[in-house]
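Architecture and fold: a report
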Amino acid sequence: MTTSYLVRAQNVATASENKIHHDDVARRYGFHGGLVPGVTVYAYMIHPVVETFGRSWLEHGTMAARFVRPCYDGDEITVDAVLENDALELTARRAGDEVIATGTAALPSPAASPPSIAGYPAAPLPAERPPATRATLAACDPLGSWEATFRAEHAPAFLDEIGEDLSLFRVDGISHPGYLLLSANWILGGNVRLGPWMHVGSEVTNYGVVTDGERVSTRGRIAGLFERKGHQFAELDLLLVADEVRPVQHVRHTAVYDIALR
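Residues numbered from 1 in each chain as written. Predicted model: local features only at pLDDT ≥ 70, side-chain atom pairs only at ≥ 80, totals over all residues. Heavy atoms only, no water.

Another point: the pairing of strand 10 (residues 246-258). Among the 13 residues in strand 10, 10 count as buried, and that is most of the element. Two strands pair when backbone bridges link them, and strand 9 (residues 231-242) and strand 10 are joined in this way by 11 bridges, in the antiparallel orientation. Across the sheet, residue Asp237 finds its bridge partner in strand 10, namely Arg252. Two successive antiparallel strands, strand 9 and strand 10, enclose a turn made up of three residues, where Asp243 displays a positive phi of approximately 50 degrees. (Buried < 20%, exposed > 50% of the residue type's maximum accessible area, 1.4 Å probe, protein only. Helix = DSSP H or I, 4+ residues; strand = E, 2+ residues; numbered from the N terminus. Pairing = 2+ DSSP bridges.)

Spelled out as structure tokens, the structure:
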């Protein structure tokens, strides 16, 4: 079974501290303009996943996504989803059939058990963020926690940005997984002072939904630092915990924190 989902991309981060989303800065790095955030592309890819697997995927599904080429404001994006052997193979393309992202989503049976909350202790954010270097990132153990309360009344603004109309998010008041994944970006930026940077991949395991009024603490550590083609990468190992007692999502989040000029 193959389904396709069409959406027009929006660069919703033009006011972001991350200037890779600004046209002038992105062009200095060899791009055509400001990049649409990887989390936004991830949110587009979620639509056929939830259409296929329903609420069960939000409660115990998995997804791995890689963002392989840039996506720009105004791009027509097609997300193709192919169900093979109980897994959904995802490909996101921009006009001209250029692949911008790939992914795999599944609904494992039995559901995976969440890691222990004790292994992801809460910690304060730094009063003053050091610049992002290999040394300062390696010293973030644990990362300072990022906390926010989900308010269902504010959710439509995010859903409008990503063009999402599924009733699970519009009517049932459940937080969108793309919104939850934003916290992986925020915890990185809350611990170190970043220049232009890029989110290039995430592996996510869901353990439950987040509903109105729940406070979510994002905690974790830097799991790896490496270099590839001159770019400096950081991999984050994160656990999102609702109201201090309930794991809702585990994330392995990969970012290029120092982009090599082309």
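Moving on from the coordinates now.
This part takes up empty space enclosed by the protein. One water molecule sets the probe size; rolling that probe over the atoms shows where empty space is left. For the structure on display, the rule yields three cavities of 30 Å³ or more. Taken as a whole, the largest cavity encloses approximately 100 Å³ of empty space. Lining the largest cavity are Trp146, Glu147, Ala148, Thr149, Phe150, Tyr179, Leu180, Ser183, Trp186, Val216 and Thr218. Going through the elements one at a time, strand 6 (146-149), helix 7 (177-191) and strand 8 (215-228) are the ones with two or more residues in the lining of the largest cavity. Partitioned by chemical class, the residues of the lining of the largest cavity number seven nonpolar, three polar and one charged. What the second largest cavity holds in volume is close to 70 Å³. Considering the residues around the second largest cavity, the lining is formed by Leu58, Ile174, Ser175, Pro177, Leu180, Asn206, Gly208, Val209, Val210, Val248 and Gln249. Those elements that place two or more of their residues in the lining of the second largest cavity are helix 7 and strand 10. Considered class by class, the residues forming the lining of the second largest cavity number seven nonpolar, four polar and no charged. (1 Å grid on protein atoms, 1.4 Å probe; cavity = no way out; pocket = protein on both sides within 12 Å on 5 of 7 lines; lining within 4 Å. Points joined across faces, edges and corners; volume = space filled by probe spheres on them. Nonpolar A, V, L, I, M, F, W, Y, C, P; charged D, E, K, R; others polar.)

Here helix 7 contains 15 residues, and its C-alpha end-to-end distance of 22 Å stays within 8% of the 21 Å for a straight helix at 1.5 Å per residue. The buried count for helix 7 comes to 13 of 15 residues, which makes it a mostly enclosed element. (Expected span 1.5 Å × (residues − 1).)

If you walk across this open sheet you meet the 10 strands as 1-3-4-5-2-7-10-9-8-6, and the pairing is antiparallel. Looking at the sheet topology across the chains shown, the edges are occupied by strand 1 (2-8) and strand 6. Neighbour-to-neighbour, the strand axes of the sheet open up by a mean angle of 20 degrees, direction not taken into account. Bridge analysis of strand 2 (residues 62-67) against strand 5 (residues 98-106) gives six bridges, and the strand direction is antiparallel. For Arg66, the partnering residue across the bridge sits in strand 5 and is Thr102. Packing of helix 2 (residues 38-53) onto the sheet brings it into contact with strand 1, strand 2, strand 3 (76-84), strand 4 (87-94), strand 5 and strand 7 (198-206), and relative to strand 2 it is tilted by some 145 degrees. (Axes fitted to C-alpha atoms, helices over the stretch in contact; angles between N-to-C directions. Contact = heavy atoms within 4.5 Å.)

With that settled, the discussion passes to the side chain of Thr218. Its place among the elements puts Thr218 in strand 8. Engagement of the side chain of Thr218 in a polar contact is seen with the side chain of Ser183, the distance being 3.0 Å. Among residues more than four places away in sequence, those in contact with Thr218 are Ser145, Trp146, Ser183, Ile187, Leu238, Leu239 and Leu240. (Polar contact = N/O pair within 3.5 Å; in protein donor to acceptor, adjacent residues only side chain to side chain.)

Turning next to the packing of helix 2 against helix 7. Two quantities define a packed helix pair, namely the angle between the helix axes and the distance between the axes. For the pair helix 2 and helix 7, interaxial distance at closest approach is 9 Å and the crossing angle is 155 degrees. With respect to their mutual orientation, helix 2 and helix 7 come out roughly antiparallel. Helix 7 is crossed by helix 2, and the crossing has right-handed handedness. Contacts between helix 2 and helix 7 pair Val39, Tyr42, Ala43 and Ile46 from the former with Pro177, Gly178, Leu181, Leu182 and Asn185 from the latter. Taken together, the residues that form the contact of helix 2 with helix 7 break down as seven nonpolar, two polar and no charged. (Parallel < 35°, antiparallel > 145°, perpendicular 65-115°, else oblique. Left-handed = near helix turned anticlockwise from the far one by under 90°.)

Attention now goes to the nonpolar core. Among the nonpolar cores identified, the biggest contains 65 residues, and Tyr42, Met45, Trp57, Met63 and Leu90 are the most heavily contacted of them. The element best represented in this core is helix 2, accounting for 10 residues. Contacts of Met45, omitting those with residues within four sequence positions, involve Met63, Ala65, Phe67, Val79, Leu90, Ala92, Ala101, Thr102 and Gly103. (Core = buried A, V, L, I, M, F, W, Y, C linked by side-chain atoms within 4.5 Å.)

Function-wise, these values are silent; they only describe arrangement.
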